[in-house]
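Chains, contacts and geometry: an overview
Here's the letter readout for the chains.
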Amino acid sequence: MQSIVEQDFGTPGRHSDKTVTLSIDGQEITVPEGTSVMRAAALLGSKIPKLCATDQLEAFGSCRLCLVQIEGMKGMPASCTTPVAAGMKVTTQNKQLADVRRGVMELYISDHPLDCLTCPANGHCELQDMAGVVGLREVRYGYEGENHLAMPKDESNPYFTFDASKCIVCSRCVRACDEQQGTLALTIQNRGFESKVSASQNVDFMDSECVSCGACVQACPTATLSEKTLIEKGQAEHSAITTCAYCGVGCSFRAEMKGEEVVRMVPNKDGHANHGHSCVKGRFAIGYATHSDRITKPMIRSKITDPWREVSWKEAFEYAASEMKRIQAKYGRDSIGGITSSRCTNEETYLVQQLVRAGFGNNNVDTCARVCHSPTGYGLKQTLGESAGTQDFDSVMKSDVIVVIGANPTDGHPVFASQMKRRLRQGAKLIVADPRTIDLVRTPHVAADYHLKLRPGTNVALVSSLAHVIVTEGLVKEDFVKQRCDLESFDRWRNFVSEERNSPEAMEAVTGVPAASVRAAARLYATGGNGAIYYGLGVTEHSQGSTTVMGIANLAMATGNVGREGVGVNPLRGQNNVQGSCDMGSFPHEFPGYRHVSDDATRKLFETTWGVSLQNEPGLRIPNMFEAALDGDFKGLYIEGEDIAQSDPNTQHVTAALTSMECIIVQDLFLNESAKFAHVFLPGSSFLEKDGTFTNAERRISRVRKVMKPKSGYADWEITQQLANALGYPMNYGHPSEIMDEIARLTPTFKGVSYEALDRLGSIQWPCNDAHPEGTPTMHIDEFVRGKGRFMVTEYVPTSEKVNAKFPLILTTGRILSQYNVGAQTRRTENNRWHDEDRLEIHPNDAEERGIVDGDWVGISSRAGETVLRSRVTERVQPGVVYTTFHFPESGANVITTDNSDWATNCPEYKVTAVQATRVSQPSEWQKRFREFSETQEDLLKQAAEVAK
């Protein structure tokens, strides 16, 4: 159990090779140069009173409560804004200081409600604490004059309230929004007595630019900004450190608890990935964990047209196992398989792939990374030698040039985006390559130096033209290449990109990006200092996704931007444990640690530990499973924590494959779209109900800690273990720590990882081994994992998904801040207040040509299918391109995406679909069938609940 209140040192820590020694109240202390007097005193254990100061924000010096006396200095300087100096003698406590501080506090209290006993902050209100610290016992100024006590509350935000009557105008909320979040949505309006905190231009929070990250709530020293859950439930009794189960940033949180009830989630100041910051999802959108839609009883049925029947765990396991055995006996060993989860823990994922390989006896295991970052694994393995990003998130603070390709960090990875924006406000240059005008192109105090607004599907052409400039203009870091890279492959690559057909001028007709912009961007990246590339699904989800990843690695190696802080090749992973699911051996061709199943020594290692013979040939990928199912050869599937019926492309093809199977086992929290085709439902557990680890986008392994009992009785790892035992393959783990110990024994990159080490260090970035016992923040420092970096020729091959007269527009897809992936979690929270449907963004020119106005229903048809969405007319998209999100199943975004995929990994080409858009007045035929099928399945679920009563 953790303490509810974290220590606050008043001002941020400083890092300096120089130190300063001073005396505070007669005690000497040595601190880094640049440290404030307040922080130095706090390090000594002397707590100087403060209100406007917090170690999460830069010093401001407005509250005048932290005054001290310094020998040789006139007056009483604020300790928060005064840096230490050698030989300085500071006095923090005497009668004169006490009198001044009491007078200041008296003024604050004279215009503050005295409702402490009923206030939600009672007991952890800094104003209340400071009144006690300074010894305030009476207030001489009454409420007769003007005051702010009758100011109205703003209750518009679903997660927190703003009570202006309690505001002391310390500016902490404003500064948190500026410094931590970077949205600059808050301001101090007016001056003097009329000063007040205002959201945007004096509107309520819900209508403002506020993104509900919670930084202002965290910073507030009073109850002015308070979580509604804190108001409703009262203060927590204890807390535990755990890791967020949303995106790939992997934020650390303190789950503040009252018994087994979560009072609130508070970002952990010591979190290595987020440093005390959070977003609207991680901080507030956890209501799904206790939502009434949760299924907590196992269920079975013979056919998907039958009602569900609630059964005991024993019967569910026995039925599932018998069905899988029956199918294998009838159709052969390879007729079943499994899909691991990128939302479950490393330990749970490890058990699922073990169950498939050792229990099912085949390698038919895959994961959702197949449809997102499988090209990352392939491309980086081929070039650098390891299937993961090169840096930690903090590295961006040493970047001079930041390149964002096919990623939208402010929506997909918002906490990291805030850190990136901080560096950009400090002066780093920004290059954005994206078909759409994402927020980073222009946001408060941040503007891209170059926005390469390319046509969807032309990433390889753009990357090759950037390389052409670097090579032909003599910008290659020849010494780095000569020392660190394979010269034969470099020469092939250099000759290839030097060809005139790869020049920006030649490629302009392909990419649509002006050649002059490409040349300027290439020069900036190659010569601007530390250059870091960050990319997302806009790179990988293409027919040439793997080629683009290799092209990005080529750029980094050619310019020497690998192997130190501030540089690197950084994939922004989409889900909380998609990196971990890959690390744990979820691909059909690889064991944990990215070792091929054909490697005899590796296979022998696992055979010895698991006690069975293992197959040496790769199994089926997810698309192969669908094809085999439609061919009648694949009949059983175990799905843990994924929803392929909504997330995979060409929905009608996917659902046809699912319908053709004889036993689908779904292990999840809700009756998701895939579960509607299932025959066995095993109720899973949320991240709050389990122990384990997640691995984020920077290879950081962090602990997940159970704060409540599983609603269904078992954590996911226990369910998989009992299913394995029912199948006749014994698993006997007593705790997830034992699973991690086995992972560490069998996986070289995890050799030094254990729960003890994670508890001691807070988190660990793999590889963690004898050479790097505390992990590896930056990879490839002295040499690449593969030895010499290998350049790969990246020939541009246009996608076969082409526009024509029938389908003249290109559809591309993405995410939005308030929703997450297929929406199963966020749609069951108040986040729907911001985004309650998937909308189609269309350029005004294309809309006018089709008679579409904002808000119209628009039919979108492709070669795969048709759906209907409401329009949003906007210049964020370029003419000829439309865009939508995929968070709501009824929108059918993937009904229109096709089977086109990456040539190396089968990652679907979500980002390029030729479509037509027309104004319509009713849902598509697919949407009508979907609605009817969903209502039927919901009725079948209700029948199970009624029978159970």
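Located above this text is the structure these notes cover.
If you're wondering where the values come from, they're calculated on a predicted model, not measured in any experiment.

Below, the discussion takes up the overall build of the chain. The secondary structure content of the chain amounts to 30 helices and 37 strands. What you see for the chain is a C-alpha radius of gyration of 29 Å, in line with the 30 Å of a compact globule of 949 residues. Its C-alpha atoms give the chain principal-axis dimensions of roughly 90 × 75 × 65 Å. A separation threshold of at least 6 residues defines the contact pool for the chain, and within that pool the share at least 24 residues apart is 73%. As presented, the chain carries roughly 34300 Å² of accessible surface, and 49% of it is formed by carbon and sulfur atoms. A gap of 2 Å separates the mean positions of the 100 positive and 118 negative side-chain charges of the chain.

If you trace the 5 strands from one edge of the open sheet to the other, you get β21-β18-β17-β22-β23, paired in parallel fashion. The open sheet is flanked by β21 (450-452) and β23 (568-571), the only strands paired with a single partner. Across the sheet, the mean angle separating the axes of adjacent strands is 15° when strand polarity is ignored. Across the face of the sheet, helix α12 (residues 414-425) comes into contact with β17 (401-405), β18 (429-433) and β22 (531-535) while running at roughly 140° to β17.

Turning our attention to unusual backbone geometry. Cis geometry is found at the peptide bond from W766 to P767, where omega equals 5°. Although it is not a glycine, R64 sits at a positive phi angle of roughly 60°. On the secondary structure map, R64 appears in the loop between α1 (37-44) and β3 (69-70). Take R64: its relative accessible area is 37%, and that puts it in the partly exposed class.

Attention now goes to the state of the cysteines. Enumeration over the complete set of coordinates arrives at 0 disulfides. Here C244 is not cross-linked by a disulfide; its sulfur's nearest cysteine counterpart is in C251, at 6.0 Å.

This part covers the sheet that holds strand β12 (residues 261-267). If you walk across this open sheet you meet the 3 strands as β10-β11-β12, and the pairing is antiparallel. The open sheet has two free edges, formed respectively by β10 (238-243) and β12, since each of these has just one partner strand. Each strand of the sheet is rotated relative to its neighbour by a mean of 30°, with strand direction disregarded. The pairing of strand β11 (residues 252-258) with β12 spans 6 bridges and is classified as antiparallel. The residue of β12 that forms the bridge with A255 is M265.

Before going further, it helps to examine the packing of aromatic side chains. Summed over the entire model, instances satisfying the criterion amount to 23 aromatic pairs. Plain terms: the ring middles of F160 and F284 are 6.2 Å apart, the flat faces sit at 40° to each other, and that makes the pair tilted. With F160 in strand β6 (residues 160-163) and F284 in helix α7 (residues 280-284), the pair connects residues that are 124 residues apart, well separated along the chain. A ring pair is formed by W926 and F930, whose centres lie 5.0 Å apart and whose planes are at 20°; its orientation type is stacked. Taken as a pair, W926 and F930 lie in helix α30 (residues 925-948) at a separation of 4 residues, close to a single helical turn. Accessibility classification places W926 together with F930 in one group, the buried group. An aromatic cluster of at least three residues, connected via ring pairs, comprises Y159, F160, F162, F205, F284 and W834. Of note, R484 hangs over the ring of F784, and the distance from its end group to the ring centre comes to 4.6 Å.

What counts and how
Residues numbered from 1 in each chain as written. Predicted model: local features only at pLDDT ≥ 70, side-chain atom pairs only at ≥ 80, totals over all residues. Heavy atoms only, no water. Helix = DSSP H or I, 4+ residues; strand = E, 2+ residues; numbered from the N terminus. Rg over C-alpha atoms; globule rule 2.2 N^0.38 Å. Contact = heavy atoms within 4.5 Å. Areas by Shrake-Rupley, 256 points an atom, 1.4 Å probe, with all protein chains shown as cover. Lys, Arg positive; Asp, Glu negative; His and termini not counted. Charge placed at Lys NZ, Arg CZ, Asp CG, Glu CD. Pairing = 2+ DSSP bridges. Axes fitted to C-alpha atoms, helices over the stretch in contact; angles between N-to-C directions. Buried < 20%, exposed > 50% of the residue type's maximum accessible area, 1.4 Å probe, protein only. Disulfide = S-S within 2.5 Å. Phe/Tyr/Trp six-rings, centres within 6.5 Å; stacked < 30°, edge-to-face > 60°. Lys NZ or Arg CZ within 6 Å of the ring centre and 35° of its normal.

That is the geometry; function is a separate question.
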